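Descriptive analysis of the structure
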Amino acid sequence: MNAPEPALIPSRSFDELHFQSGFGKLSPAFHSRVEPARLDAPYLVGVSAAAAALIGLEAAELRRPQVIDILAGNTLAKGSVPIATVYSGHQFGHWAGQLGDGRALLLGQLPGISGDSWEIQLKGAGLTPYSRMGDGRAVLRSSIREFLCSEAMDALGIPSTRALAIIGADTPVFRESVETAAVVTRMAPSFLRFGHFEHFYYAGRHDELRQLADYLIDHFYPQLRDEVRPFQALLREITRKTASLVAQWQSVGFCHGVMNTDNMSVLGLTIDYGPFGFLDAFDPQHICNHSDSTGRYSYANQPGIAEWNCYCLGQAMMPLLESVDLAKEALEIFRPTFAAEFSARFAAKLGLAQWRDPDDALLSELFEILATSRVDFTRFFRELARVRRSDAAGDSGCRDLFLDPSAFDGWATKYRQRLSDQDRSDSERADAMNRVNPVYVLRNHLAEIAIQRARGGNERVRLGLGASTPVRTAQQPAELSSGQGDAPDYSEMATLLEALRSPFEERAEFRSYAEPPPEWAAHLQVSCSS
Ligand code: AMP
Ligand code: MG
């Protein structure tokens, strides 16, 4: 039999694309018409070929000056009517009132190549009616982090908003120090958040609340229309997706950092990458956001916070539900969904074909010894595929990661016993494990190296601000220097993206990306400043 023809995907030109109103079709109660601010002399910093392919574009298409001007916000594409949407939210557990797209605007919707559609959003494109005290801009540093992580999460199989490109400009943006401006083009079927519902609930505008729920059901949850109580079913589905998402975060050691209700997607996507981080050494109490002084959003707290956020959504949807009991009934799906997804993910990570009750104890014990010995989370699971079920010959990769190797030996004995209960060869198990345990995740220090190289060594000089406080000092490690003298160098970012797009495929040239952080990175801090 002949092999099937590979699918041919026509490559589109950006000029053929015609933006439609997506969320923009809703009444002006939900959004404001905005104009992107001009960005002088914009240049392309990076592009995701995978994201471009979703709307039928080749990466090269985004290198054209006309397209760069559109993604910088300098020219409006055909059909585009930019809007900023209004939402509110609970920030760090407290009602924060109105927030909204303070520096993001929707250009409109584009058809995807699979009959789907994508809202296209520029983040950092200037002031909107919701900018409050902000300047409407984003800096290159945080834009690179968001760009890389969106694409990395997708490649890990974890639902996420996408990032098409980063446009930079030598325009100063003032944070703790001066930095340069950047705009990330984000893509998602919808950028709606829990906070959109909260906004209309707390304003007492129940008609709009209902319109929002109807919009969501019509476009993203059409199967719920036939339910006896579609709005209750909607709350249940969003809760289910959220529980599943957070279980997936836990399984790769991803910490979001700012799980405010305005950063929670009603489609269960990872959204708003700020001070996120991946666990290096396993520490359940790890806090990735330097601004999170109480650890509200620590790794271990993420599932509980996600559930709390779903309750906030449930509260906001109360006018659409008939009783508190119905809301509670919908929210009850969170715990069993999280537990099932978490077990399934960790069963796969451990190479177990099925999860059985006693495996909870095996995993708890593993977490304890990983934490005590501060073992690198990603490396441990990747190395675990080498452990053999009948002898300790393959143990050294894992064992050597432990300060106390005897702790590993004790656990490995139980693990081997468990493996001998299942009918799966070592090589079959290793193959399966290597498909779920990544070699490469976006560790903070890897993002930092890509960022420093992209910023170049003479940013202040380039901005005409003198060289009084250089971005880098002589004591800083060589990895942080661009290979091109002081000029900005985006090649490291592109190479890192390539590794992150195939996170399960070990490649010799990417060996350094699999290493735990070097000493200089021990004190890297990431905060809300972006
Ligand atoms: P974030 O912490 O990025 O999720 O943002 C929280 C809120 O602050 C959102 O309403 C953002 O739009 C707004 N915001 C953050 N940074 C800026 C900025 N530089 N200019 C305007 N609004 C901002
Ligand atoms: Mg946000």
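Residues numbered from 1 in each chain as written. Chains lettered and ligands numbered in written order. Predicted model: local features only at pLDDT ≥ 70, side-chain atom pairs only at ≥ 80, totals over all residues. Heavy atoms only, no water.

Quick notes on the overall build of the protein
For the record, the criterion: Every helix listed is a DSSP run of H or I at least four residues long, and every strand listed is a run of E at least two residues long, numbered separately from the N terminus. Within these notes, the globule rule equals 2.2 Å times the number of residues to the 0.38 power, and the radius of gyration is based on C-alpha atoms. Throughout this description, buried means an accessible area under 20% of the type-specific maximum (1.4 Å probe, protein chains only), exposed means over 50%, and partly exposed covers the range between. Residue contacts follow a heavy-atom distance rule, with two residues in contact if any of their heavy atoms lie within 4.5 Å. The method behind every accessible area is Shrake-Rupley, applied with a 1.4 Å probe, and residues are considered shielded solely by the protein chains displayed. Within this scheme the basic residues Lys and Arg register as positive and the acidic residues Asp and Glu register as negative, but His and the chain ends are omitted. Just so you know, the charge point we use is NZ for Lys, CZ for Arg, CG for Asp and CD for Glu.
A tally of regular secondary structure across the protein gives 17 helices and twelve strands. On C-alpha atoms alone, the protein measures out to a radius of gyration of 24 Å, which is about the 24 Å that the 2.2 N^0.38 rule sets for 530 residues. In terms of overall dimensions, the protein has a C-alpha envelope of 65 × 65 × 60 Å along the principal axes. Looking at the 530 residues of the protein, the share that counts as buried comes to 56%. A fraction of 74% describes how many contacts in the protein between residues 6 or more apart in sequence connect residues 24 or more apart. In the structure as shown, the protein presents an accessible area of about 21700 Å², 51% of it carried by carbon and sulfur atoms. Here the protein carries 52 positive and 66 negative side-chain charges, and the mean point of each set is 1 Å from the other.

Considering the domain arrangement of the protein
Filter applied, for reference: All domain edges in this entry derive from an automatic or database-based domain assignment.
Along its sequence, the protein is organised into domain 1 (14–192), domain 2 (196–342), domain 3 (350–434) and domain 4 (444–523). Taking only C-alpha atoms, the centre of domain 1 and the centre of domain 3 are 42 Å apart.

Side note on the site of ligand 1
To keep it simple, the criterion reads: What makes a residue near a molecule or strand is one non-hydrogen atom of that residue sitting within 4 Å of it. In the analysis that follows, any N or O atom pair within 3.5 Å is treated as a polar contact, provided that within protein one partner can donate a hydrogen and the other can accept it, and provided that, for residues neighboring in sequence, both atoms belong to side chains.
Taken together, 16 residues are adjacent to ligand 1, and G100, G102, R132, D135 and G136 come closest. A distance of 2.6 Å separates an oxygen atom of ligand 1 from a polar atom in the backbone of G100. Here R137 contributes a backbone N or O atom positioned 3.2 Å from a nitrogen atom of ligand 1. Protein chains bury 81% of the 480 Å² of accessible surface belonging to ligand 1 in isolation.

Describing the nonpolar core
Inclusion rule: Residues belong to a common nonpolar core when they are buried Ala, Val, Leu, Ile, Met, Phe, Trp, Tyr or Cys residues joined through side-chain atoms within 4.5 Å.
Counting residues in hydrophobic clusters, the biggest one holds 157 residues, and the most contacted among them are F14, F197, F380, L384 and W411. Top contributing element to this core by residue count: helix α6 (residues 230–252), with eleven residues. With near-sequence residues (within four places) excluded, F197 lies in contact with L209, L212, A213, L216, V266, L313, A316 and M317.

Comments concerning helix α9 (residues 334–350)
Here is the rule we go by: Each helix should span, by expectation, one fewer than its residue count multiplied by 1.5 Å.
For α9, which comprises 17 residues, the first-to-last C-alpha distance of 24 Å matches the rise-based estimate of 24 Å (1.5 Å per residue) to within 8%. Burial in α9 covers these residues: F334, T337, F338, E341, F342, S343, F346, A347, K349 and L350. Among the residues trailing α9, G351 stands out with phi positive, at a value near 80°.

So, the coordination of the magnesium ion (ligand 2)
Stated formally: A donor here means an N, O or S atom no more than 2.8 Å from the metal, or no more than 3.2 Å when the metal is Na, K or Ca. Since water is not included, a site may seem to lack partners.
Looking at the magnesium ion (ligand 2), one finds its protein donor set to be N263 (OD1) and D272 (OD), positioned 2.0 to 2.1 Å from the metal centre. Neither residue differs from the other here; N263 and D272 are each classed as buried.

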